Amino acid sequence: MLTDRTQCDRPLVDVVVAAVDAGARAVVLREKDLPDDERAGLGAELRAVLDPVGGLLVHAGTTARPAGSAGTDAVHLAAADPFPDPRPALVGRSCHSAAELAQARCEGCDWAFLSPVFPTASKPGYGPALGVEGFARLQVLGPPAYALGGVGPGDVAGLLAAGARGVAVMGAVMRDPAAVPQYLAALRT
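Residues numbered from 1 in each chain as written. Predicted model: local features only at pLDDT ≥ 70, side-chain atom pairs only at ≥ 80, totals over all residues. Heavy atoms only, no water.

## Considerations on helix 4 (residues 131-139)
To be explicit about the condition: Remark: exposure states derive from per-residue accessible area (1.4 Å probe, protein chains only) relative to the maximum for the residue type, with buried under 20%, exposed over 50%, and partly exposed in between. For helices the rule is a DSSP run of H or I covering at least 4 residues; for strands it is a run of E covering at least 2, with both sets numbered from the N terminus onward. By definition, the arc is the one covered by directions from the helix axis to the C-beta atoms. Here, two residues are considered to be in contact whenever any of their heavy atoms come within 4.5 Å of each other.
Gly131, Gly134, Phe135, Leu138 and Gln139 are the residues of helix 4 that are buried. Viewed along the axis of helix 4, the buried residues span an arc of 120°, placing them on a single side of the element. When the buried face of helix 4 is taken as reference, the exposed residues oriented beyond 90 degrees from it are Glu133 and Arg137. Against the buried residues of helix 4 lie helix 3 (98-107), strand 5 (111-114), strand 6 (145-148) and helix 5 (156-161).

Pasting the structure below:
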């Protein structure tokens, strides 16, 4: 899941706790508008939630990894972000086109979030929705792709059949972390 505290009806850490309690095991910390020290503090709080369950905290953006901070071994880049040097252990990239997927593959990214798959208020301005067919056509061009953008639990089976490694969700879980078990059940079938 990706974070967006503006969509939460309670503090973000409380939403993440509820989502992790419901089975989520990977969190992409976005919140890029926060000052570095606040974002680092939030990252430490989320790591404390994820570590006991063996979860993964991924920091979004190239400036997301404060110097000398422990446990910042996974980074998710925006489509236009420069590739980090030195390379973190895990690197993902947001992609919206064939060219961006090809770039992510050439860089050796471990995953791509391909979006928007369906119309969503969370990802305006990234072009028309790909749909399942568009996702299937593009996902083969890059690293393992996760479907993002307006994906509901009922969409998961079709996206997996279209080649998705999994799904990435923001809004639905930020608004109601009780949705996590529905997504997990769809991923298991």
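## Focus: the pairing of strand 4 (residues 90-95)
As a reminder, the rule being used: When DSSP finds two or more bridges between two strands, those strands count as paired. The definition of a right-handed crossover adopted here requires that, viewed with the strands pointing away, the path from the first strand over the helix to the second runs clockwise.
In terms of burial, strand 4 is a largely internal element, five of the six residues being buried. Judged from the four bridges that link them, strand 3 (residues 74-77) and strand 4 form a sheet pairing that is parallel. Bridged to His76 within strand 4 is Gly92. Sheet analysis places strand 4 next to strand 5, joined by four bridges and oriented parallel. The residue bridging Ser94 from the neighbouring strand is Phe113, located in strand 5. Note on the crossover from strand 4 through helix 3 to strand 5: the handedness is right-handed.

## Describing unusual backbone geometry
For the peptide bond that leads from Asp85 to Pro86, omega is 10°, which places it in the cis range. Position of Pro86 relative to the elements: it lies in the loop between strand 3 and strand 4. A cis amide bond links Ser115 to the next residue, Pro116, at an omega of -10°. By the secondary structure assignment, Pro116 is in the loop between strand 5 and helix 4.

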